[in-house]
Amino acid sequence: MASNNHSSTLNQTKFVLQNNNNDLEQPPTLEIETNDFDYSKRSQWLRAAVLGANDGLVSTASLMMGVGAVKQDIKVMILSGFAGLVAGACSMAIGEFVSVYSQLEIEVAQLKRNKERGDEQEEDNDGEKESLPNPLQAAAASALAFSVGAIVPLLAASFIKEYKVRLGVVLGAVSIALLGFGWLGAMLGKAPPLRSCVRVLFGGWVAMAITFGLTKLIGSSGL
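So, how was this worked out
Residues numbered from 1 in each chain as written. Predicted model: local features only at pLDDT ≥ 70, side-chain atom pairs only at ≥ 80, totals over all residues. Heavy atoms only, no water. UniProt positions renumbered as here; feature names shortened; annotations may be inferred. 1 Å grid on protein atoms, 1.4 Å probe; cavity = no way out; pocket = protein on both sides within 12 Å on 5 of 7 lines; lining within 4 Å. Points joined across faces, edges and corners; volume = space filled by probe spheres on them. Helix = DSSP H or I, 4+ residues; strand = E, 2+ residues; numbered from the N terminus. Nonpolar A, V, L, I, M, F, W, Y, C, P; charged D, E, K, R; others polar. Axes fitted to C-alpha atoms, helices over the stretch in contact; angles between N-to-C directions. Parallel < 35°, antiparallel > 145°, perpendicular 65-115°, else oblique. Left-handed = near helix turned anticlockwise from the far one by under 90°. Contact = heavy atoms within 4.5 Å. Core = buried A, V, L, I, M, F, W, Y, C linked by side-chain atoms within 4.5 Å. Buried < 20%, exposed > 50% of the residue type's maximum accessible area, 1.4 Å probe, protein only.

The protein is annotated in an unreviewed UniProt entry as Vacuolar iron transporter from Crotalaria pallida. If you open the UniProt record of the protein and go to Sequence similarities (unreviewed entry), you find "Belongs to the CCC1 family." Regarding the protein, the UniProt comment filed under Subcellular location (unreviewed entry) reads as follows: "Vacuole membrane".

A. Just the layout of surface pockets, in detail. Within this model, the second largest pocket holds a volume of roughly 220 Å³. Lining the second largest pocket are 13 residues; nearest its centre among them are Leu51, Gly185, Ala186, Ser196 and Val200. Taken together, the elements giving at least two residues each to the lining of the second largest pocket come down to helix 1 (2-68), helix 5 (163-189) and helix 6 (193-220). Considering each element in turn, the lining of the second largest pocket owes the most residues, five residues, to helix 5. Its residues placed into classes, the lining of the second largest pocket shows six nonpolar, five polar and two charged.

B. Focus on the UniProt feature "transmembrane region" (unreviewed entry) in the protein. Feature annotation in UniProt places "transmembrane region" (unreviewed entry) on residues 76-94, 138-160, 167-188 and 200-219, given in this structure's numbering. Helix makes up 100% of residues 76-94 and strand makes up 0%, while its end C-alpha atoms are separated by 27 Å.

C. Broad picture of the packing of helix 4 (residues 135-157) against helix 5. Put simply, helix 4 and helix 5 touch, their axes get as near as 8 Å, and they point 150° apart. By the angle between their axes, helix 4 is roughly antiparallel relative to helix 5. In the packing of helix 4 onto helix 5, the handedness of the crossing is right-handed. For the pair formed by helix 4 and helix 5, the contact residues are Val152, Pro153, Ala156 and Ala157 on the first element and Arg166, Val169, Val170, Ala173, Val174 and Ala177 on the second. Classifying every residue of the contact of helix 4 with helix 5 by side-chain character gives nine nonpolar, no polar and one charged.

D. Seen up close, the side chain of Ser80. Among the structural elements, Ser80 can be located in helix 2 (residues 74-117). Sequence-distant contacts of Ser80, that is, excluding residues within four places in its chain, are made with Leu63, Met64 and Val67.

E. The arrangement of the nonpolar core in detail. Judged by nonpolar contacts, the single largest core of 28 residues is most densely connected at Leu57, Val170, Val174, Leu178 and Phe181. Of all the secondary-structure elements, those providing two or more residues to this core are helix 1, helix 2, helix 4, helix 5 and helix 6. Here this core gets eight residues from one element, more than from any other, and that element is helix 5.

The following block contains the structure:
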């Protein structure tokens, strides 16, 4: 009788330990895999958004500085910046749509080949269909990111009539935004922040300086 009770106690103890081991092992593994996957997807989208905003910032600011090199009128400068914002956002959206749509066609064709060969299970195919890229979503995100960056020099120059002060304010606002985008890109890419900020800031300054200088040269030549 005592041996039966002892065996029952051991069995119960073993059963409890197995449950505890399962509880300890399974949830952390699932949680780690889920977190890694979600972070990867978020970081890719965020980095693309930062790059798009930086592109809008530098291209629109350079355009405004170039026009400002030969025209001191605030309306001309603002209109040129607004035209650059619209044209750039449309160009980014169309380019992203075409690129992602091509990727979508390739992935859909691959899914069809897998289905014909029977290499993939139906549940796997359903999961892949849900993860297919959305061209319209990518186009809208790209245009929005570009517009966010382009609006910075436009707002900086909108209410300043004095020509030299306006150029200085635009340069200062764009420089601050470049530092912010450089830092954010470094955080997302896990790169050294200082080096990234300096690189992005210097690149923006070079782009604006070249545009300003060449436009000034051509404008002064009477062309």
